[in-house]
Amino acid sequence: MSKKIKVLIIDDHPIIADSYENILKDMEDGDLKLFIEKRRNIEEAYQSIEISKAQNSPYHFIFLDISLPVAETLGIFSGDELGVKIREISPESKIVVMTMHNENHRLYNILRTINPEAFLIKSDVSPEDLKIAFKDLLDDRIHYSQTIRLLLRKQIVQDVALDNNDRSILYHLSKGVRTKELEDIVPLSLAAIEKRKKNMREVFGLDKGGDLALIEKARQLGFL
Amino acid sequence: MENVNGKNEIFYNYLENKVSLSYFLETQSIEKINSIKNDSLKRSVIYKISYDYYLNKDSVNFRTWNRRIVRISHQQMDSAKIAEAFWDLASFYYEHDRIDSAYYYYSESEKLYSFLNKDLLQGKMLLNMAIMQTKVKDYIGGEVNTANALRLLKPLGKSNLLYSAYNNLGIIFNELEDYNKSLQYHKKALEYVKELEDPIKEANALNNIGVVYENQAQYSAAIKKFEEALTTGNLLEKNPRLYAMLLDNLGYTHFKNGNPQNSEELLLHSLRVRDSIHHTAGLVINNLHYAEYLSSTKDTVNAYIHANEALSLAKSSKSYGDILSALLLLSEIDAENGKSYLEEYIDLSDSLQKEERSIRNKFARIRFETDEFIEENENLTAERKWIIAGASGFFLIAILLYIIRDQKAKNKELQLQRVQQAANEEIYNLLLTSQDKVEQAKNEAKSRISAELHDGILSKFFGIRLSLEMLQDKEDPESKSKRKEFIKEMKAVENDIREVSHKLNSAKFESGVSFVQILHELWEEKQKLGNFKGELILGDDINWDEIANKVKIHVYRILQESLSNIIKYAQASNVFISFSIADKSLEMEVVDDGCGFDTEKSAKGIGLSNMQSRAKDLGGKLKVNSGEEGTKIELEIPLT
């Protein structure tokens, strides 16, 4: 008997969505029958997922790109936010995050908020890898690509505990945001931000150097 | 030594009246006296010589020696001797009927004694002056000076002087026809005279009282006084003049009182006495009185003879008052020639009045000068006080003003510095914020390009790669055509990359942009405010990055000030600003077509001087040309 699997691919680049489709189609056989839908933006994707739920035939798998154009009408600004929403609406759907990002902070954030069943870095991925990942998912296994596994290992080995705000501060600093401007991004006062930076410096074993040294160390330690 | 002693001895002998003037002058030649040292002894001797000549009535020698003593006393500032000499001179003039000169020297002497604080002598002089004034009928002046004399003399208790003073007052008020007052003073004089125990003077005082009574027409009272005076023992021998005067007055009063039977004998007796002592003035009055008496008895012939006698005597003695009386009487007696006598009377009376008036005027002038002298002295002291107070006050005020001005200037300078500093800070902030903006824009551009690379190009590449990998092993025609499509797709990505690269290249990130931006912002703002057209031209070859911030700040300020001035005053419709580099100098030119201003007048204006000082601070030059066609400001700053 053949399995009928519903797949939703969300990516704003048609060429990518097409290539996923081609690869997945390649896996079809007598046992596996795939119903693949492609959506190029958050609004369409969101609508499709809601419909699928209404028809009581949720997607089995959802391929989610992180860099997606903002959907202002829905108040969803990126792929990660959409992922969180999908978890709410359609918890039975397995999420495959495919992203071009490779900054540890972003990856860590995705792990924490979406906790996808498969997490792949686009640059790591070859058609074979994608097939393997998909197979793992079909077999109810979790699949992380190489980069993610390394990141997780580093985090586990670390005995440094940074909370989300700390990571946010580090991330934005590394992006060239000034401490003064952090006030508008991180929900902390300027004094609190300075205090956190001082704490991180202590935790990282830095006795001197400014923000640059802090970011360098954070990068070494895999927080960025 | 002997010689000197000998000489001194004779001097002392002379001064002590042990030798006479003539003997003294026989032994001492004038040259000898003149040649000795000018000391108090010499002055005393010369004074005595002068005084002795005065006593001897040798007027020529007296005046010579008097002048001499005045001169040598002047040399030694011996005021006392000068005063004494003036006193003698005044007395001399008085005796020669030169009343005005006498008055002058009395007053000069009085001034000196006043200066020397010699109250007695000053009082004496005042009294003498008063008597002189009384003589010329300056009764008011006389009264004032007598009062002044009395003020000085009263505390000294000199009865003889007090007698004279009161006597004088009595005479004055008699002449003023204030007989009660006159009597009052004469009675006071009589009191003092009694203290003197001088019967002659007492008789004289009684006579004066009698005369006043007579003038009051209280004839019996007058007769009583005259008779009392005549009881003075041996009066005929002691003072025949007074005796004759009393007889005359008594007789005349009897006649007036309507008892002519007693008169004739008395008047004739008096005439005989006066004739025997050749008392001309007495004879004149006596003859007049007798003539009047004879006239009343209709003995016109004898009356005419006596009246005429009186007139000729009065004329010979130049006693003008008496001449007048004689003329008046004659006009009555000699009815035929009455008119000519009256005419003569009027002529003489007129000229006399004129004379008296002129003398009185002279007195007034002398008195006025004296008063003025005193007042001037007082004024001078007061003035000096005022000058000192004023000068020190002025000096203090000047110092205060100077301090205040100095502080003000310092304050102003500080304020100016503060203003300038604030202005400089403002520009720094402008530069900083503009740099911030640039930085922000830079960051934005960076993240935009990064996003473009990341989301666009990378994603496209990923899609192409993934697809190509998929198609790698497939040889079917469909796959082949797909591959071609992907390769075409890669070409599109190439174009994308080129575009991004071009964007990266075209974005200017030099910090110099910021100053240019500031200049443009300033220009646009001022242009809107001043409502003028024109252009801001920035030379392409200016590398603003290489120009020091200090220069930028000053240049910006000067431009700002220039534009503000144009807005405020020039009413220009076109303004051109140009920046250029020439000979390693930054040049700025601001030209407007406004109404211009007077550079000479406004040179001190704070705006222009500020601009100048900024230019100077940078070692540059600022030239301002202004005329009716507009203003041109040229700034040149060396860049080294």
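The shown structure was predicted, so the numbers you read here are calculated from the model rather than taken from an experiment. (Residues numbered from 1 in each chain as written. Chains lettered and ligands numbered in written order. Predicted model: local features only at pLDDT ≥ 70, side-chain atom pairs only at ≥ 80, totals over all residues.)

Draft legend 1. Geometry of the overall build of chain A. Scanning chain A for helices and strands turns up 10 helices and six strands. Out of the 224 residues belonging to chain A, those deemed buried represent 35%. Across chain A, the fraction of contacts at a sequence separation of at least 24, relative to all contacts at a separation of at least 6, is 64%. (Helix = DSSP H or I, 4+ residues; strand = E, 2+ residues; numbered from the N terminus. Buried ≥ 20, exposed ≤ 12 C-beta atoms within 10 Å, placed from the backbone. Contact = placed C-beta atoms within 7 Å.)

Draft legend 2. Representation of the environment of Ile 577 of chain B in the model. Residues and elements named next belong to chain B. With respect to the secondary-structure elements, Ile 577 resides in strand 2 (residues 574-582). With 43 residues separating them along the chain, Ile 577 and Gly 534 place their C-alpha atoms 8.0 Å apart. In this view, Ile 577 contacts Trp 523, Leu 536, Ile 537, Leu 559 and Val 590; residues no more than four positions away in its chain are not counted.

Draft legend 3. Structural view of the pairing of strand 5 (residues 118-121) of chain A. Residues and elements named next belong to chain A. Residues Ala 118 and Leu 120 of strand 5 are buried on one face, and the alternating residues Phe 119 and Ile 121, pointing to the opposite face, are buried as well. Here strand 4 (residues 94-99) runs beside strand 5; their pairing, made up of four bridges, is parallel. Residue pairing across strands places Val 97 opposite Phe 119, the latter belonging to strand 5. In this region the chain leaves strand 4, passes through helix 4 (residues 104-113) and returns to the parallel neighbour strand 5; the handedness of that crossover is right-handed. Looking at chain direction, strand 5 and strand 6 (residues 143-144) are connected through two bridges and run parallel. If you follow Ala 118 over to strand 6, its bridge partner there is His 143. Each parallel crossover has a hand, and for strand 5 linked through helix 5 (residues 127-138) to strand 6 it is left-handed. (Pairing = 2+ DSSP bridges. Right-handed = clockwise from strand over helix to strand, strands pointing away.)

Draft legend 4. Here's a closer look at the packing of helix 4 (residues 40-55) of chain B against helix 5 (residues 59-75) of chain B. Residues and elements named next belong to chain B. In the contact formed by helix 4 and helix 5, the axes pass within 8 Å of each other and the chain directions differ by 155 degrees. The angle between helix 4 and helix 5 places the two elements in the roughly antiparallel class. Considering only the axes of helix 4 and helix 5, their crossing is left-handed. Counted together, Arg 43, Ile 46, Tyr 47, Ile 49, Ser 50, Tyr 53 and Tyr 54 of helix 4 and Asn 61, Phe 62, Trp 65, Asn 66, Arg 68, Ile 69, Ile 72 and Ser 73 of helix 5 form the full contact between these two elements. (Axes fitted to C-alpha atoms, helices over the stretch in contact; angles between N-to-C directions. Parallel < 35°, antiparallel > 145°, perpendicular 65-115°, else oblique. Left-handed = near helix turned anticlockwise from the far one by under 90°.)

Draft legend 5. Quick look at the confidence of the model for chain B. Residue and element names in this part refer to chain B. On average, chain B scores 83 in pLDDT, and the residues at 70 or more come to 95%. Confidence, expressed as mean pLDDT per element, reaches its minimum in chain B at helix 24 (residues 599-602) with 64 and its maximum at strand 3 (residues 585-592) with 91. Ignoring residues within four places in sequence, the model shows residues 508-512, a span with pLDDT below 50, making nine contacts including any to other chains. In the predicted assembly, ipTM is 0.74 and pTM is 0.44. (pLDDT = per-residue confidence, 0-100.)

Draft legend 6. Inspection of the nonpolar core at higher detail. If you look at the biggest cluster of nonpolar residues, it comprises 105 residues, and the most contacted ones within it are Ala 291, Ala 307, Ala 310 and Ala 326 of chain B. Not counting residues up to four positions away in its chain, the partners in contact with Ala 307 of chain B are Leu 288, Ala 291, Ala 326, Leu 329, Leu 330 and Ile 333 of chain B. Formed by 49 residues, the second largest nonpolar core is a distinct cluster that contains Ile 16, Ile 42 and Phe 61 of chain A together with Ile 464 of chain B. (Core = buried A, V, L, I, M, F, W, Y, C linked by C-beta atoms within 7 Å.)

Draft legend 7. Structural view of the UniProt feature "repeat: TPR" (unreviewed entry) in chain B. Residues and elements named next belong to chain B. Those places that UniProt annotates as "repeat: TPR" (unreviewed entry) correspond, in this numbering, to residues 163-196 and 203-236. A distance of 9 Å separates the end C-alpha atoms of residues 163-196, which is 91% helix and 0% strand. The straight-line gap between the two end C-alpha atoms of residues 203-236 is 12 Å; of that span, 79% is helix and 0% is strand. (UniProt positions renumbered as here; feature names shortened; annotations may be inferred.)

Draft legend 8. Structural view of the interface of chain B and chain A. With 14 residues of chain B in contact, the opposing surface of chain A contributes 15 residues. Broken down by element, the side of chain B that touches chain A gets its largest block of residues, 13 residues, from helix 20 (residues 338-471) of chain B. Among the residues forming the side of chain B that touches chain A, the class breakdown is five nonpolar, five polar and four charged. (Nonpolar A, V, L, I, M, F, W, Y, C, P; charged D, E, K, R; others polar.)

Draft legend 9. Local environment of helix 11 (residues 179-196) of chain B. Residue and element names in this part refer to chain B. In a regular helix each residue adds 1.5 Å, so 18 residues correspond to 26 Å; helix 11 covers 25 Å between its end C-alpha atoms and thus fits that length. Turning to helix 11, the residues buried within the fold contact helix 10 (159-175) and helix 12 (199-215). Positive phi shows up at Glu 197, right after helix 11, with a value of about 55 degrees. (Expected span 1.5 Å × (residues − 1).)

Draft legend 10. Molecular detail of the pairing of strand 3 (residues 61-65) of chain A. All names here are of chain A. Counting buried positions over the five residues of strand 3 gives five, a clear majority of the element. Relative to strand 4, strand 3 runs parallel, the two sharing five bridges. Along strand 4, the bridge assignment pairs Leu 64 with Val 97. What joins strand 3 to strand 4 is helix 3 (residues 79-89), and the crossover it makes is right-handed.

Draft legend 11. Local environment of the environment of Glu 175 of chain B. All names here are of chain B. If you trace the backbone, Glu 175 turns up in helix 10. Residue class for Glu 175 comes out partly exposed when judged on the 14 C-beta atoms lying within 10 Å of it. Put simply, Glu 175 and Asn 215 are 40 residues apart on the chain and 9.7 Å apart in space, counted from C-alpha to C-alpha. Contacts of Glu 175, omitting those with residues within four sequence positions, involve Lys 137 and Tyr 139.

Draft legend 12. Structural view of the UniProt feature "modified residue: 4-aspartylphosphate" (unreviewed entry) in chain A. All names here are of chain A. The UniProt record marks Asp 65 with the feature "modified residue: 4-aspartylphosphate" (unreviewed entry), using the residue numbering of this structure. Along the chain, Asp 65 turns up in strand 3. Looking at Asp 65, the number of C-beta atoms within 10 Å reads 25, which means it is buried. Those residues in contact with Asp 65 that sit more than four places away from it in its chain are Ile 10, Asp 11, Asp 12, Gly 79, Met 98 and Thr 99.

Draft legend 13. Structural detail: the confidence of the model for chain A. Looking at chain A as a whole, its pLDDT mean stands at 86, while 97% of the residues score no less than 70. Per-element averaging of pLDDT across chain A places helix 6 (residues 146-157) of chain A at the bottom with 81 and strand 3 of chain A at the top with 94.

Draft legend 14. Spatial organisation of the sheet that holds strand 4 (residues 621-627) of chain B. Residue and element names in this part refer to chain B. Pairing in this open sheet of five strands is mixed, and the strands run 1-2-3-5-4 from one edge to the other. One side of each edge strand has no neighbouring strand; the edge strands of this open sheet are strand 1 (533-538) and strand 4. Neighbour to neighbour, the strand axes of the sheet diverge by 10 degrees on average, direction disregarded. When strand 2 meets strand 3, the two strands line up antiparallel, connected through eight bridges. Counted as the bridge partner of Ala 582 is Ser 585 from strand 3.

Draft legend 15. Up close: unusual backbone geometry. Residues and elements named next belong to chain B. Residue His 278 is not a glycine yet carries a positive backbone phi of 50 degrees. Residue classification places His 278 among the exposed residues on the basis of 8 C-beta atoms within 10 Å. Positive phi, close to 50 degrees, is recorded for Asp 583, a residue that is not glycine. Here Asp 583 is to be found in the loop between strand 2 and strand 3.

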